[in-house]
Amino acid sequence: MKKNNKILTSFILILLVAFTFNSCSDEFLDNTKEFTIDSENYFNSEDDYYKALVGAYDLLQATYVNVMLGEIASDNTLCGGESATDVIGFQQIDDMIHTSVNSNLRDIWNWMFAGVNRANYILEFQNKTDFDGKNIIIAEARFLRAYYHFELVKWFGGIPLKGDARFQLGDEKSIPRATVAEVYASIEADLQYAINNLSYISPQIGRANRGSAQALLGKAYLYQDKFSEAASVLESLINNGPYDLVTDYNTIFEHSGENGIESVFEVQYTDVEGAGFGCLQCSEGNVAVGFNGIRNYNGPEFDSGFSFNIPVQEVYDAFEAGDTRRDVAILDINTWATSTGATFTEGFEHTGFYNRKYIARKGDLNTGDPNLTNPNNYRSIRFADVLLMAAEALNRGAISDTRAQQYINRVRRRAFGDTNHDITTTGATLTQSIYDERRLELVGEGHRFFDLVRTGNGTLITGFSPNKNELFPIPIEEIQFSNGNWNQNLGY
(Lines give C-alpha, C1' and ligand atoms only; values in the text may rest on other atoms or scores of the structure.)
Protein backbone atom coordinates (compact mmCIF):
# COMPACT_ATOMS: atom_id res chain seq x y z
CA MET A 1 0.00 0.00 0.00
CA LYS A 2 2.85 2.39 0.37
CA LYS A 3 6.43 3.28 -0.29
CA ASN A 4 9.25 0.78 0.01
CA ASN A 5 9.56 0.98 3.79
CA LYS A 6 5.86 0.64 4.45
CA ILE A 7 3.16 -1.98 4.20
CA LEU A 8 3.68 -4.03 1.05
CA THR A 9 1.75 -3.64 -2.19
CA SER A 10 2.45 -6.99 -3.79
CA PHE A 11 -0.98 -8.51 -3.40
CA ILE A 12 -3.41 -5.64 -3.91
CA LEU A 13 -4.37 -6.72 -7.42
CA ILE A 14 -4.90 -10.28 -6.25
CA LEU A 15 -7.26 -9.16 -3.53
CA LEU A 16 -9.21 -6.79 -5.74
CA VAL A 17 -10.17 -9.85 -7.73
CA ALA A 18 -10.37 -12.40 -4.94
CA PHE A 19 -12.82 -10.37 -2.88
CA THR A 20 -15.01 -9.85 -5.96
CA PHE A 21 -16.02 -6.28 -5.19
CA ASN A 22 -15.94 -5.54 -8.93
CA SER A 23 -15.52 -1.81 -8.42
CA CYS A 24 -13.31 -1.46 -11.48
CA SER A 25 -13.97 -2.26 -15.09
CA ASP A 26 -14.47 -5.72 -16.55
CA GLU A 27 -11.34 -5.13 -18.60
CA PHE A 28 -9.35 -4.74 -15.38
CA LEU A 29 -10.71 -8.05 -14.11
CA ASP A 30 -9.99 -9.74 -17.43
CA ASN A 31 -6.39 -8.58 -17.27
CA THR A 32 -5.91 -10.19 -13.84
CA LYS A 33 -7.72 -13.51 -14.33
CA GLU A 34 -4.56 -15.48 -13.66
CA PHE A 35 -4.47 -14.18 -10.08
CA THR A 36 -7.99 -15.29 -9.13
CA ILE A 37 -8.22 -17.47 -6.02
CA ASP A 38 -10.96 -19.59 -4.47
CA SER A 39 -11.96 -17.40 -1.54
CA GLU A 40 -13.70 -20.22 0.32
CA ASN A 41 -10.52 -22.32 0.40
CA TYR A 42 -8.16 -19.53 1.38
CA PHE A 43 -6.57 -18.71 4.76
CA ASN A 44 -4.32 -21.75 4.92
CA SER A 45 -1.21 -19.92 6.10
CA GLU A 46 0.01 -16.81 7.88
CA ASP A 47 0.86 -15.34 4.49
CA ASP A 48 -2.75 -15.72 3.35
CA TYR A 49 -4.00 -13.78 6.37
CA TYR A 50 -1.38 -11.11 5.79
CA LYS A 51 -2.35 -10.69 2.14
CA ALA A 52 -6.00 -10.33 3.12
CA LEU A 53 -5.04 -7.73 5.72
CA VAL A 54 -3.23 -5.69 3.05
CA GLY A 55 -6.43 -5.78 1.02
CA ALA A 56 -8.45 -4.55 4.01
CA TYR A 57 -6.08 -1.62 4.47
CA ASP A 58 -6.26 -0.75 0.78
CA LEU A 59 -9.77 0.76 0.93
CA LEU A 60 -8.52 3.40 3.37
CA GLN A 61 -7.06 5.12 0.34
CA ALA A 62 -10.59 5.68 -0.99
CA THR A 63 -11.34 7.89 2.04
CA TYR A 64 -9.84 10.84 0.16
CA VAL A 65 -13.40 11.79 -0.84
CA ASN A 66 -14.60 11.61 2.77
CA VAL A 67 -11.88 14.06 3.74
CA MET A 68 -12.63 16.51 0.94
CA LEU A 69 -16.36 16.50 1.54
CA GLY A 70 -15.90 16.84 5.29
CA GLU A 71 -14.52 20.29 4.48
CA ILE A 72 -16.71 21.18 1.49
CA ALA A 73 -19.89 20.40 3.45
CA SER A 74 -18.72 22.69 6.27
CA ASP A 75 -18.20 26.43 6.63
CA ASN A 76 -14.45 26.10 6.01
CA THR A 77 -14.41 25.81 2.22
CA LEU A 78 -16.37 26.19 -0.98
CA CYS A 79 -16.54 23.45 -3.58
CA GLY A 80 -14.71 25.35 -6.33
CA GLY A 81 -13.59 23.47 -9.42
CA GLU A 82 -13.91 24.71 -12.99
CA SER A 83 -17.60 25.61 -13.03
CA ALA A 84 -20.90 25.19 -11.20
CA THR A 85 -21.36 21.80 -12.89
CA ASP A 86 -17.85 20.46 -12.22
CA VAL A 87 -18.45 17.32 -10.09
CA ILE A 88 -22.09 18.17 -9.52
CA GLY A 89 -22.35 15.91 -6.48
CA PHE A 90 -19.69 17.98 -4.68
CA GLN A 91 -21.44 21.20 -5.68
CA GLN A 92 -24.78 20.00 -4.31
CA ILE A 93 -23.25 18.99 -0.99
CA ASP A 94 -21.52 22.37 -0.71
CA ASP A 95 -24.89 24.09 -1.22
CA MET A 96 -26.73 21.62 1.06
CA ILE A 97 -29.13 20.70 -1.76
CA HIS A 98 -27.91 17.11 -2.15
CA THR A 99 -30.41 14.28 -2.51
CA SER A 100 -30.24 10.49 -2.47
CA VAL A 101 -29.25 10.67 -6.14
CA ASN A 102 -25.60 11.65 -5.70
CA SER A 103 -22.78 9.57 -7.15
CA ASN A 104 -20.21 10.90 -4.68
CA LEU A 105 -22.26 9.91 -1.64
CA ARG A 106 -22.81 6.55 -3.32
CA ASP A 107 -19.03 6.22 -3.60
CA ILE A 108 -18.59 6.78 0.14
CA TRP A 109 -21.26 4.18 0.90
CA ASN A 110 -19.86 1.62 -1.56
CA TRP A 111 -16.19 2.09 -0.77
CA MET A 112 -16.60 2.04 3.00
CA PHE A 113 -18.74 -1.08 2.83
CA ALA A 114 -16.10 -2.65 0.58
CA GLY A 115 -13.66 -1.99 3.42
CA VAL A 116 -16.05 -3.58 5.92
CA ASN A 117 -16.41 -6.63 3.71
CA ARG A 118 -12.65 -7.05 3.35
CA ALA A 119 -12.22 -6.90 7.11
CA ASN A 120 -15.14 -9.30 7.58
CA TYR A 121 -13.58 -11.72 5.11
CA ILE A 122 -10.65 -12.15 7.51
CA LEU A 123 -12.89 -12.36 10.56
CA GLU A 124 -15.20 -14.90 8.95
CA PHE A 125 -12.25 -17.28 8.66
CA GLN A 126 -10.32 -16.14 11.74
CA ASN A 127 -10.37 -19.62 13.30
CA LYS A 128 -9.37 -21.62 10.22
CA THR A 129 -5.58 -21.64 10.67
CA ASP A 130 -3.44 -20.95 13.74
CA PHE A 131 -0.01 -19.32 13.83
CA ASP A 132 1.98 -17.14 16.16
CA GLY A 133 0.84 -13.53 16.07
CA LYS A 134 -2.54 -14.19 14.47
CA ASN A 135 -4.19 -12.14 17.23
CA ILE A 136 -2.37 -9.08 15.88
CA ILE A 137 -3.82 -9.55 12.39
CA ILE A 138 -7.29 -10.13 13.83
CA ALA A 139 -6.94 -7.01 16.00
CA GLU A 140 -5.94 -4.92 13.00
CA ALA A 141 -8.85 -6.31 10.98
CA ARG A 142 -11.19 -5.30 13.78
CA PHE A 143 -9.61 -1.84 13.95
CA LEU A 144 -10.18 -1.43 10.22
CA ARG A 145 -13.77 -2.60 10.45
CA ALA A 146 -14.32 -0.07 13.24
CA TYR A 147 -12.72 2.65 11.10
CA TYR A 148 -14.99 1.93 8.13
CA HIS A 149 -18.06 1.59 10.38
CA PHE A 150 -17.23 4.92 12.02
CA GLU A 151 -17.08 6.62 8.62
CA LEU A 152 -20.41 5.08 7.65
CA VAL A 153 -22.25 5.92 10.87
CA LYS A 154 -21.11 9.54 10.92
CA TRP A 155 -22.17 10.02 7.29
CA PHE A 156 -25.35 7.94 7.14
CA GLY A 157 -26.43 7.04 10.67
CA GLY A 158 -27.63 3.48 11.28
CA ILE A 159 -26.29 0.92 8.82
CA PRO A 160 -26.71 -2.85 8.35
CA LEU A 161 -24.38 -5.03 10.43
CA LYS A 162 -23.56 -8.66 9.78
CA GLY A 163 -21.07 -9.54 12.50
CA ASP A 164 -18.04 -11.57 11.45
CA ALA A 165 -19.30 -12.46 7.99
CA ARG A 166 -19.26 -10.96 4.54
CA PHE A 167 -22.33 -9.36 3.09
CA GLN A 168 -23.87 -11.38 0.29
CA LEU A 169 -26.25 -10.48 -2.50
CA GLY A 170 -29.76 -10.43 -1.06
CA ASP A 171 -28.76 -9.44 2.47
CA GLU A 172 -30.10 -5.96 1.80
CA LYS A 173 -33.61 -7.43 1.75
CA SER A 174 -33.32 -9.26 5.04
CA ILE A 175 -30.78 -7.48 7.26
CA PRO A 176 -32.22 -4.26 8.73
CA ARG A 177 -30.36 -1.06 9.38
CA ALA A 178 -28.94 -1.26 12.89
CA THR A 179 -29.52 1.69 15.19
CA VAL A 180 -26.77 4.26 15.65
CA ALA A 181 -26.25 2.95 19.18
CA GLU A 182 -25.81 -0.59 17.88
CA VAL A 183 -23.25 0.54 15.31
CA TYR A 184 -21.27 2.37 17.97
CA ALA A 185 -21.44 -0.67 20.25
CA SER A 186 -19.84 -2.72 17.47
CA ILE A 187 -17.18 -0.05 16.96
CA GLU A 188 -16.42 0.06 20.67
CA ALA A 189 -16.11 -3.74 20.92
CA ASP A 190 -13.78 -3.90 17.92
CA LEU A 191 -11.54 -1.14 19.24
CA GLN A 192 -11.39 -2.59 22.75
CA TYR A 193 -10.22 -5.86 21.21
CA ALA A 194 -7.60 -3.98 19.20
CA ILE A 195 -6.38 -2.10 22.28
CA ASN A 196 -6.06 -5.36 24.23
CA ASN A 197 -4.14 -7.17 21.48
CA LEU A 198 -1.90 -4.52 19.95
CA SER A 199 1.16 -2.73 21.28
CA TYR A 200 2.23 0.85 20.67
CA ILE A 201 4.81 -0.38 18.14
CA SER A 202 3.33 -1.27 14.76
CA PRO A 203 4.62 -4.38 12.97
CA GLN A 204 5.21 -2.15 9.93
CA ILE A 205 5.03 1.59 9.46
CA GLY A 206 1.50 2.51 8.45
CA ARG A 207 -0.29 -0.29 10.28
CA ALA A 208 -2.61 0.39 13.20
CA ASN A 209 -1.40 -0.03 16.77
CA ARG A 210 -2.76 0.36 20.30
CA GLY A 211 -2.55 4.15 20.08
CA SER A 212 -4.55 4.21 16.85
CA ALA A 213 -7.28 2.14 18.47
CA GLN A 214 -7.32 4.24 21.66
CA ALA A 215 -7.60 7.47 19.69
CA LEU A 216 -10.41 6.19 17.48
CA LEU A 217 -12.25 4.77 20.49
CA GLY A 218 -11.95 8.11 22.28
CA LYS A 219 -13.32 9.81 19.19
CA ALA A 220 -16.23 7.37 18.96
CA TYR A 221 -17.06 8.05 22.60
CA LEU A 222 -16.88 11.81 22.02
CA TYR A 223 -19.28 11.57 19.09
CA GLN A 224 -21.76 9.93 21.47
CA ASP A 225 -21.23 12.50 24.24
CA LYS A 226 -19.75 9.77 26.45
CA PHE A 227 -17.38 12.25 28.01
CA SER A 228 -16.03 10.30 30.96
CA GLU A 229 -15.26 7.27 28.76
CA ALA A 230 -13.63 9.50 26.14
CA ALA A 231 -11.53 11.33 28.72
CA SER A 232 -10.37 8.06 30.27
CA VAL A 233 -9.14 6.41 27.08
CA LEU A 234 -7.68 9.61 25.59
CA GLU A 235 -5.79 10.54 28.76
CA SER A 236 -4.44 6.99 28.95
CA LEU A 237 -3.10 7.48 25.43
CA ILE A 238 -1.66 10.91 26.27
CA ASN A 239 0.06 9.68 29.41
CA ASN A 240 1.24 6.26 28.26
CA GLY A 241 1.61 6.46 24.50
CA PRO A 242 4.76 7.36 22.55
CA TYR A 243 3.27 10.43 20.85
CA ASP A 244 4.01 14.13 21.13
CA LEU A 245 3.61 17.35 19.19
CA VAL A 246 6.32 18.05 16.65
CA THR A 247 8.09 21.32 17.34
CA ASP A 248 7.48 22.88 13.93
CA TYR A 249 3.88 22.74 12.66
CA ASN A 250 5.19 23.50 9.18
CA THR A 251 6.86 20.08 8.93
CA ILE A 252 3.78 17.93 9.59
CA PHE A 253 2.31 17.94 6.08
CA GLU A 254 5.53 17.65 4.10
CA HIS A 255 6.78 14.35 2.71
CA SER A 256 9.59 14.27 5.26
CA GLY A 257 7.07 14.63 8.08
CA GLU A 258 5.05 11.52 7.34
CA ASN A 259 4.53 8.96 10.10
CA GLY A 260 6.28 11.13 12.66
CA ILE A 261 5.89 11.36 16.41
CA GLU A 262 2.64 13.31 16.09
CA SER A 263 1.04 10.73 13.80
CA VAL A 264 -1.32 8.43 15.68
CA PHE A 265 -2.74 7.02 12.45
CA GLU A 266 -2.04 7.86 8.81
CA VAL A 267 -3.60 6.62 5.61
CA GLN A 268 -0.64 5.58 3.47
CA TYR A 269 -0.39 6.70 -0.16
CA THR A 270 2.13 6.12 -2.92
CA ASP A 271 2.71 7.17 -6.52
CA VAL A 272 2.09 3.71 -7.98
CA GLU A 273 0.23 3.90 -11.28
CA GLY A 274 -2.93 1.89 -11.89
CA ALA A 275 -5.90 4.25 -11.77
CA GLY A 276 -7.83 6.55 -14.02
CA PHE A 277 -10.71 8.94 -13.62
CA GLY A 278 -13.05 6.03 -14.26
CA CYS A 279 -11.78 4.22 -11.18
CA LEU A 280 -10.48 6.74 -8.67
CA GLN A 281 -10.72 4.28 -5.79
CA CYS A 282 -8.18 2.14 -7.63
CA SER A 283 -5.50 4.81 -7.16
CA GLU A 284 -2.72 4.18 -4.69
CA GLY A 285 -2.20 7.96 -4.58
CA ASN A 286 -4.04 10.67 -2.64
CA VAL A 287 -6.55 11.84 -5.23
CA ALA A 288 -7.68 14.73 -2.99
CA VAL A 289 -4.30 16.41 -3.44
CA GLY A 290 -4.89 16.81 -7.17
CA PHE A 291 -8.46 17.98 -6.65
CA ASN A 292 -7.29 20.58 -4.11
CA GLY A 293 -4.47 21.86 -6.30
CA ILE A 294 -3.95 25.28 -7.86
CA ARG A 295 -5.67 25.59 -11.25
CA ASN A 296 -3.26 25.88 -14.21
CA TYR A 297 -0.40 26.69 -11.87
CA ASN A 298 3.07 27.53 -13.15
CA GLY A 299 5.63 28.44 -10.54
CA PRO A 300 7.84 27.19 -7.73
CA GLU A 301 7.17 24.63 -4.98
CA PHE A 302 3.67 23.46 -5.97
CA ASP A 303 2.11 21.46 -8.81
CA SER A 304 -1.09 22.25 -10.67
CA GLY A 305 -4.53 20.86 -9.84
CA PHE A 306 -8.29 21.35 -10.16
CA SER A 307 -9.03 24.11 -7.58
CA PHE A 308 -11.63 22.26 -5.49
CA ASN A 309 -12.16 22.59 -1.73
CA ILE A 310 -11.03 26.20 -1.48
CA PRO A 311 -10.88 27.90 1.95
CA VAL A 312 -13.06 30.94 2.55
CA GLN A 313 -11.94 34.35 3.76
CA GLU A 314 -13.71 33.87 7.09
CA VAL A 315 -11.63 30.88 8.15
CA TYR A 316 -8.43 32.61 7.03
CA ASP A 317 -9.36 35.63 9.14
CA ALA A 318 -10.21 33.43 12.15
CA PHE A 319 -6.53 32.96 12.92
CA GLU A 320 -5.15 35.43 15.47
CA ALA A 321 -2.12 37.58 14.74
CA GLY A 322 1.03 35.59 15.41
CA ASP A 323 -0.57 32.17 14.84
CA THR A 324 2.02 30.34 12.77
CA ARG A 325 -0.52 27.77 11.58
CA ARG A 326 -2.40 30.05 9.21
CA ASP A 327 0.15 30.21 6.41
CA VAL A 328 0.95 26.52 6.75
CA ALA A 329 -2.70 25.53 6.48
CA ILE A 330 -3.93 28.06 3.92
CA LEU A 331 -2.08 29.38 0.88
CA ASP A 332 -2.84 32.98 -0.07
CA ILE A 333 -2.28 32.46 -3.78
CA ASN A 334 -2.33 36.14 -4.72
CA THR A 335 0.38 37.02 -2.20
CA TRP A 336 2.34 33.97 -3.24
CA ALA A 337 2.10 34.83 -6.94
CA THR A 338 3.20 38.41 -6.31
CA SER A 339 6.26 37.31 -4.33
CA THR A 340 7.32 34.44 -6.62
CA GLY A 341 6.10 35.37 -10.10
CA ALA A 342 3.90 32.27 -10.23
CA THR A 343 0.86 32.26 -12.50
CA PHE A 344 -2.47 30.48 -12.15
CA THR A 345 -6.06 30.56 -13.37
CA GLU A 346 -8.98 31.50 -11.17
CA GLY A 347 -11.48 28.66 -10.88
CA PHE A 348 -15.15 28.65 -9.92
CA GLU A 349 -15.89 30.42 -6.61
CA HIS A 350 -12.29 31.60 -6.42
CA THR A 351 -11.51 32.96 -2.95
CA GLY A 352 -7.79 33.54 -3.32
CA PHE A 353 -6.99 30.64 -0.98
CA TYR A 354 -5.97 26.99 -1.26
CA ASN A 355 -5.71 24.12 1.22
CA ARG A 356 -1.93 24.19 1.55
CA LYS A 357 -1.81 21.08 3.74
CA TYR A 358 -3.00 18.89 0.90
CA ILE A 359 -1.93 20.38 -2.42
CA ALA A 360 0.74 18.81 -4.59
CA ARG A 361 4.37 19.75 -3.97
CA LYS A 362 7.03 19.57 -6.62
CA GLY A 363 9.52 16.80 -5.88
CA ASP A 364 7.07 14.62 -3.94
CA LEU A 365 8.50 11.49 -5.60
CA ASN A 366 5.51 11.53 -7.92
CA THR A 367 6.33 9.57 -11.06
CA GLY A 368 2.74 9.26 -12.27
CA ASP A 369 -0.12 11.66 -12.91
CA PRO A 370 0.20 14.15 -10.02
CA ASN A 371 -3.57 14.50 -9.90
CA LEU A 372 -4.10 10.79 -9.23
CA THR A 373 -0.93 9.36 -7.74
CA ASN A 374 0.25 11.92 -5.24
CA PRO A 375 2.07 10.19 -2.36
CA ASN A 376 1.02 12.68 0.34
CA ASN A 377 -0.31 10.65 3.29
CA TYR A 378 -3.53 11.67 4.99
CA ARG A 379 -2.86 12.37 8.68
CA SER A 380 -6.09 10.79 9.89
CA ILE A 381 -5.49 11.18 13.64
CA ARG A 382 -2.82 13.53 14.93
CA PHE A 383 -1.71 13.88 18.54
CA ALA A 384 -2.93 17.48 18.50
CA ASP A 385 -6.39 16.13 17.70
CA VAL A 386 -6.10 13.71 20.64
CA LEU A 387 -5.17 16.58 22.99
CA LEU A 388 -8.13 18.66 21.84
CA MET A 389 -10.55 15.74 22.06
CA ALA A 390 -9.35 15.06 25.60
CA ALA A 391 -9.74 18.74 26.49
CA GLU A 392 -13.30 18.72 25.15
CA ALA A 393 -14.24 15.55 27.01
CA LEU A 394 -12.82 16.86 30.29
CA ASN A 395 -14.57 20.20 29.91
CA ARG A 396 -17.95 19.10 28.56
CA GLY A 397 -18.06 16.20 30.99
CA ALA A 398 -17.42 18.60 33.91
CA ILE A 399 -14.44 16.44 34.87
CA SER A 400 -11.53 18.92 34.97
CA ASP A 401 -11.28 22.30 33.29
CA THR A 402 -7.74 22.55 34.64
CA ARG A 403 -6.55 19.54 32.66
CA ALA A 404 -8.61 20.67 29.67
CA GLN A 405 -6.72 23.98 29.75
CA GLN A 406 -3.40 22.14 29.90
CA TYR A 407 -4.20 20.15 26.77
CA ILE A 408 -5.52 23.02 24.67
CA ASN A 409 -2.59 25.18 25.73
CA ARG A 410 -0.07 22.57 24.61
CA VAL A 411 -1.53 23.01 21.13
CA ARG A 412 -1.64 26.81 21.35
CA ARG A 413 1.90 27.16 22.68
CA ARG A 414 3.22 25.45 19.58
CA ALA A 415 1.06 27.66 17.38
CA PHE A 416 2.28 30.92 18.94
CA GLY A 417 5.65 29.95 20.34
CA ASP A 418 4.85 31.45 23.75
CA THR A 419 2.55 31.19 26.77
CA ASN A 420 1.00 34.62 26.23
CA HIS A 421 -1.92 33.10 24.33
CA ASP A 422 -2.88 30.48 26.91
CA ILE A 423 -6.56 29.89 27.54
CA THR A 424 -7.54 30.54 31.17
CA THR A 425 -11.34 30.49 30.94
CA THR A 426 -13.61 27.74 32.26
CA GLY A 427 -17.07 26.32 31.66
CA ALA A 428 -19.00 27.23 28.50
CA THR A 429 -16.42 29.84 27.49
CA LEU A 430 -13.70 27.19 27.55
CA THR A 431 -15.96 24.88 25.53
CA GLN A 432 -16.21 27.48 22.77
CA SER A 433 -12.45 28.03 22.87
CA ILE A 434 -11.90 24.31 22.34
CA TYR A 435 -14.32 24.29 19.39
CA ASP A 436 -12.51 27.28 17.89
CA GLU A 437 -9.13 25.66 18.44
CA ARG A 438 -10.21 22.46 16.71
CA ARG A 439 -11.24 24.49 13.68
CA LEU A 440 -7.90 26.26 13.44
CA GLU A 441 -5.64 23.33 14.26
CA LEU A 442 -7.46 20.87 11.97
CA VAL A 443 -8.63 23.10 9.10
CA GLY A 444 -8.38 21.29 5.78
CA GLU A 445 -8.27 17.83 7.37
CA GLY A 446 -11.91 16.81 6.88
CA HIS A 447 -13.26 17.04 10.45
CA ARG A 448 -15.12 20.34 10.48
CA PHE A 449 -18.58 19.31 9.22
CA PHE A 450 -18.83 16.49 11.73
CA ASP A 451 -17.54 18.65 14.58
CA LEU A 452 -20.27 21.19 13.84
CA VAL A 453 -22.99 18.55 13.65
CA ARG A 454 -22.05 16.60 16.77
CA THR A 455 -21.83 19.80 18.86
CA GLY A 456 -25.19 21.14 17.66
CA ASN A 457 -23.68 23.93 15.55
CA GLY A 458 -24.73 22.77 12.08
CA THR A 459 -26.64 25.97 11.41
CA LEU A 460 -23.29 27.78 11.03
CA ILE A 461 -23.26 26.13 7.60
CA THR A 462 -25.09 28.09 4.91
CA GLY A 463 -28.15 26.17 3.76
CA PHE A 464 -28.06 23.66 6.63
CA SER A 465 -31.51 22.35 7.62
CA PRO A 466 -31.76 21.08 11.23
CA ASN A 467 -33.20 17.59 11.68
CA LYS A 468 -32.14 16.76 8.14
CA ASN A 469 -28.60 17.70 7.21
CA GLU A 470 -26.99 16.14 10.28
CA LEU A 471 -26.89 12.99 8.15
CA PHE A 472 -26.57 12.34 4.44
CA PRO A 473 -29.10 10.30 2.47
CA ILE A 474 -28.71 6.59 1.88
CA PRO A 475 -28.04 6.23 -1.87
CA ILE A 476 -31.31 5.75 -3.74
CA GLU A 477 -30.05 2.51 -5.30
CA GLU A 478 -29.60 0.96 -1.84
CA ILE A 479 -33.10 1.94 -0.77
CA GLN A 480 -34.52 0.44 -3.95
CA PHE A 481 -32.45 -2.76 -3.69
CA SER A 482 -33.63 -3.27 -0.10
CA ASN A 483 -37.21 -3.61 -1.36
CA GLY A 484 -38.61 -1.59 1.53
CA ASN A 485 -36.34 -3.11 4.18
CA TRP A 486 -34.44 0.14 4.76
CA ASN A 487 -36.07 3.52 5.40
CA GLN A 488 -34.45 6.67 4.05
CA ASN A 489 -32.95 9.20 6.46
CA LEU A 490 -35.29 11.97 7.63
CA GLY A 491 -35.84 14.78 5.17
CA TYR A 492 -34.66 12.95 2.04
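Thresholds applied
Residues numbered from 1 in each chain as written. Predicted model: local features only at pLDDT ≥ 70, side-chain atom pairs only at ≥ 80, totals over all residues. Heavy atoms only, no water. 1 Å grid on protein atoms, 1.4 Å probe; cavity = no way out; pocket = protein on both sides within 12 Å on 5 of 7 lines; lining within 4 Å. Points joined across faces, edges and corners; volume = space filled by probe spheres on them. Helix = DSSP H or I, 4+ residues; strand = E, 2+ residues; numbered from the N terminus. Nonpolar A, V, L, I, M, F, W, Y, C, P; charged D, E, K, R; others polar. Salt bridge = Lys/Arg side-chain N within 4 Å of Asp/Glu carboxyl O. Buried < 20%, exposed > 50% of the residue type's maximum accessible area, 1.4 Å probe, protein only. Pairing = 2+ DSSP bridges. Expected span 1.5 Å × (residues − 1). Contact = heavy atoms within 4.5 Å. Core = buried A, V, L, I, M, F, W, Y, C linked by side-chain atoms within 4.5 Å. Phe/Tyr/Trp six-rings, centres within 6.5 Å; stacked < 30°, edge-to-face > 60°. Lys NZ or Arg CZ within 6 Å of the ring centre and 35° of its normal. Polar contact = N/O pair within 3.5 Å; in protein donor to acceptor, adjacent residues only side chain to side chain. Axes fitted to C-alpha atoms, helices over the stretch in contact; angles between N-to-C directions. Parallel < 35°, antiparallel > 145°, perpendicular 65-115°, else oblique. Left-handed = near helix turned anticlockwise from the far one by under 90°. pLDDT = per-residue confidence, 0-100.

(A) View of the layout of surface pockets. Of the pockets and cavities examined, the second largest pocket occupies roughly 280 Å³. Along the wall of the second largest pocket there are 18 residues; nearest its centre are Ser-202, Asn-209, Tyr-243, Asn-259 and Ser-263. Broken down by element, the residue count for the lining of the second largest pocket peaks at 4 residues, all from strand β2 (residues 263-267). Grouping the amino acids of the lining of the second largest pocket by side-chain chemistry returns 7 nonpolar, 9 polar and 2 charged.

(B) Local environment of the pattern of salt bridges. On inspection of all chains with the given rule, the structure shows 44 salt bridges. Where Lys-154 meets Glu-151, a salt bridge forms, and the shortest distance between an N and an O atom there is 3.1 Å. Of this pair, Lys-154 and Glu-151 both sit in helix α7 (residues 134-156), separated by 3 residues, roughly a single helical turn. Per residue, the accessibility class of Lys-154 equals that of Glu-151, and both read buried. Within this structure, Glu-262, Glu-320, Asp-323, Arg-325, Lys-357, Arg-382, Arg-412, Arg-414, Glu-437, Glu-441 and Glu-445 form a network of salt bridges that share partners.

(C) Structural view of the pairing of β2. The element β2 is largely enclosed, with a buried count of 5 among its 5 residues. One ladder, built from 4 bridges, connects β2 with strand β8 (residues 378-382); its direction is antiparallel. The partner of Val-267 across the bridge, within β8, is Tyr-378.

(D) Layout of helix α10 (residues 227-240). The end-to-end C-alpha distance of α10, which contains 14 residues, comes to 20 Å, matching closely the 20 Å that a straight helix rising 1.5 Å per residue would cover. Listed as buried for α10 are Phe-227, Ala-230, Ala-231, Val-233, Leu-234, Glu-235, Leu-237 and Ile-238. Taken together, the buried residues of α10 touch α8 (180-197), α9 (210-223), α15 (383-396) and α16 (401-416).

(E) Representation of empty space enclosed by the protein within the structure. Evaluated as defined, the whole model comprises 6 cavities of 30 Å³ or more. The space that makes up the largest cavity amounts to roughly 150 Å³. What lines the largest cavity is a set of 16 residues, and nearest its centre among them are Tyr-147, Glu-151, Lys-154, Tyr-378 and His-447. Elements with a minimum of two residues in the lining of the largest cavity: α4 (64-72), α7, α9 and β8. The element contributing the most residues to the lining of the largest cavity is α7, with 4 residues. Of the residues contributing to the lining of the largest cavity, the split by class is 7 nonpolar, 5 polar and 4 charged. Reported here for the second largest cavity is a volume of approximately 70 Å³. Along the walls of the second largest cavity sit 13 residues, with Val-67, Ala-288, Asn-292, Tyr-358 and Gly-444 positioned nearest its centre. Listed by contribution, the elements that provide at least two residues to the lining of the second largest cavity are α4 and α11 (287-292). When residues of the lining of the second largest cavity are assigned to their parent elements, the largest contribution, 4 residues, is made by α4.

(F) Here's a closer look at the nonpolar core. Ranked by internal contacts, the top residues of the largest apolar core, which has 124 residues, are Tyr-64, Phe-90, Ile-122, Phe-143, Ile-187 and Val-386. Apart from residues no more than four positions distant in its own chain, Tyr-64 is found in contact with Trp-111, Tyr-269, Leu-280, Asn-286, Val-287 and Ala-288. Grouped together as the second largest cluster of nonpolar side chains are 10 residues, Ile-310, Ile-333, Tyr-354 and Ile-359 included.

(G) Focus on the packing of aromatic side chains. According to the stated counting rule, one finds 32 aromatic pairs in the structure shown. These aromatic residues form a ring-pair network of at least three members: Tyr-42, Phe-43, Tyr-49, Tyr-121, Phe-125 and Phe-131. We note Lys-154 situated over the ring of Phe-450; from NZ or CZ to the ring centre the distance is 4.5 Å. Here Arg-210 stacks its cationic end above the ring of Tyr-200, 5.3 Å away from the centre of that ring.

(H) Local environment of unusual backbone geometry. One non-glycine residue, Glu-301, lies in the positive phi region at around 75 degrees. For Ser-307, which is not a glycine, the phi torsion comes out positive at approximately 55 degrees. Its place among the elements puts Ser-307 in the loop between β4 (304-305) and β5 (308-311).

(I) Region of the structure containing the environment of Ser-304. Along the polypeptide, Ser-304 turns up in strand β4. Measuring from C-alpha to C-alpha, the distance between Ser-304 and Phe-344 comes to 8.5 Å, with 40 residues separating the pair along the chain. Ser-304 has contacts with Ile-294, Arg-295, Asn-296, Tyr-297 and Asn-371, leaving out every residue within four places of it along the chain. Engagement of the side chain of Ser-304 in a polar contact is seen with the backbone oxygen of Ile-294, the distance being 3.1 Å. A polar side-chain atom of Ser-304 sits 3.0 Å from the main-chain amide nitrogen of Asn-296.

(J) Looking closely at α15. Between its first and last C-alpha, α15 extends 20 Å over 14 residues, near the 20 Å set by a 1.5 Å rise per residue. A large share of α15 lies buried, amounting to 13 of its 14 residues. Of the residues one or two after α15, Ala-398 is the one with positive phi, at around 55 degrees.

(K) Focus on the packing of α4 against helix α6 (residues 103-124). Between α4 and α6, the least distance of the axes is 10 Å, while the angle of their chain directions is 135 degrees. Considered as vectors, α4 and α6 are oriented oblique to each other. Here α4 runs over α6; the crossing is left-handed. Facing Tyr-64, Val-65, Asn-66 and Leu-69 of α4, the residues of α6 in contact are Asn-104, Ile-108, Trp-111 and Met-112.

(L) Summary view of the confidence of the model for the protein chain. Residue-level pLDDT values for the protein chain average 91, and 90% of them are 70 or greater. The least confident element of the protein chain, judged by mean pLDDT, is helix α2 (residues 26-31) at 27; the most confident is α15 at 99. Every residue in residues 1-35 is under pLDDT 50, and counting partners more than four places away or in other chains gives 72 contacts.

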